[in-house]
Amino acid sequence: MSDTRSLIRSKVKQALASSSTTLDDRRAAEQGLLPLFDDLAYRYYLRDDGSVFIIDALEPEAGLQEMTDATWRLVVLRAAVAEESGLASLIPAHPPGTVECSECAGTGRRPVVAISGTRTTGVCLNCRGTGWIGVPKAAV
Ligand SMILES: [Zn+2]
């Protein structure tokens with residue numbers, strides 16, 4: 001985990017040093033958050049402890065908000081790991097009561113071809129990007 005923290009901190013410094021970093025990303029990086037990627041709804045950021053933050057495209061004035069939904073946070077982390085394998089230690093083992101998804105071999109990602117023809121990965125629809133199937137047993 002300390003290697004992962006170092007990797008994130010190093011990438012945050014790179015984002016701060018880059019002239020192509022956007023203003024939103026620069027403000028996040030100044031708070032120690034690594035800019036990850038965006039989708040149609042959110043821009044995602046990663047803190048060195050594995051916490052994920054978002055900026056809502058429909059509510060940008062709300063600023064950075066911590067993502068509290070554990071399942072969705074896992075999906076974002078898996079997408080981040082698909083881009084940067086050095087972040088893999090942020091992914092938890094699949095919880096008791098679930099089995100590894102056979103469609104994506106537990107990665108939560110499947111190969112796809114983008115509209116541009118670029119080969120990339122997308123969310124595995126079989127496990128909805130978590131990498132596992134089933135309902136986790138509640139901790140007792
Ligand atoms: Zn899957």
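None of these values were measured; they are calculated from a predicted model. (Residues numbered from 1 in each chain as written. Predicted model: local features only at pLDDT ≥ 70, side-chain atom pairs only at ≥ 80, totals over all residues.)

(A) Region of interest: the packing of helix H1 (residues 2–17) against helix H2 (residues 23–30). Packing of H1 against H2 leaves a shortest axis separation of 9 Å and a crossing angle of 135°. Relative to H2, the element H1 lies oblique. Here H1 runs over H2; the crossing is left-handed. In contact with Val-12, Ala-15 and Leu-16 of H1, H2 contributes Asp-25, Arg-26, Ala-29 and Glu-30. In terms of residue class, the contact of H1 with H2 is built from 4 nonpolar, no polar and 3 charged. (Axes fitted to C-alpha atoms, helices over the stretch in contact; angles between N-to-C directions. Helix = DSSP H or I, 4+ residues; strand = E, 2+ residues; numbered from the N terminus. Parallel < 35°, antiparallel > 145°, perpendicular 65-115°, else oblique. Left-handed = near helix turned anticlockwise from the far one by under 90°. Contact = placed C-beta atoms within 7 Å. Nonpolar A, V, L, I, M, F, W, Y, C, P; charged D, E, K, R; others polar.)

(B) Region of interest: the domain arrangement of the protein chain. What the domain assignment lists for the protein chain is domain 1 (1–91) and domain 2 (93–133). One C-alpha centre belongs to domain 1, the other to domain 2; they are set 20 Å apart. Counting residues at the interface gives 5 residues for domain 1 and 8 residues for domain 2. Classifying every residue of the side of domain 1 that touches domain 2 gives 3 nonpolar, 1 polar and 1 charged. (Domains from an automatic or database assignment.)

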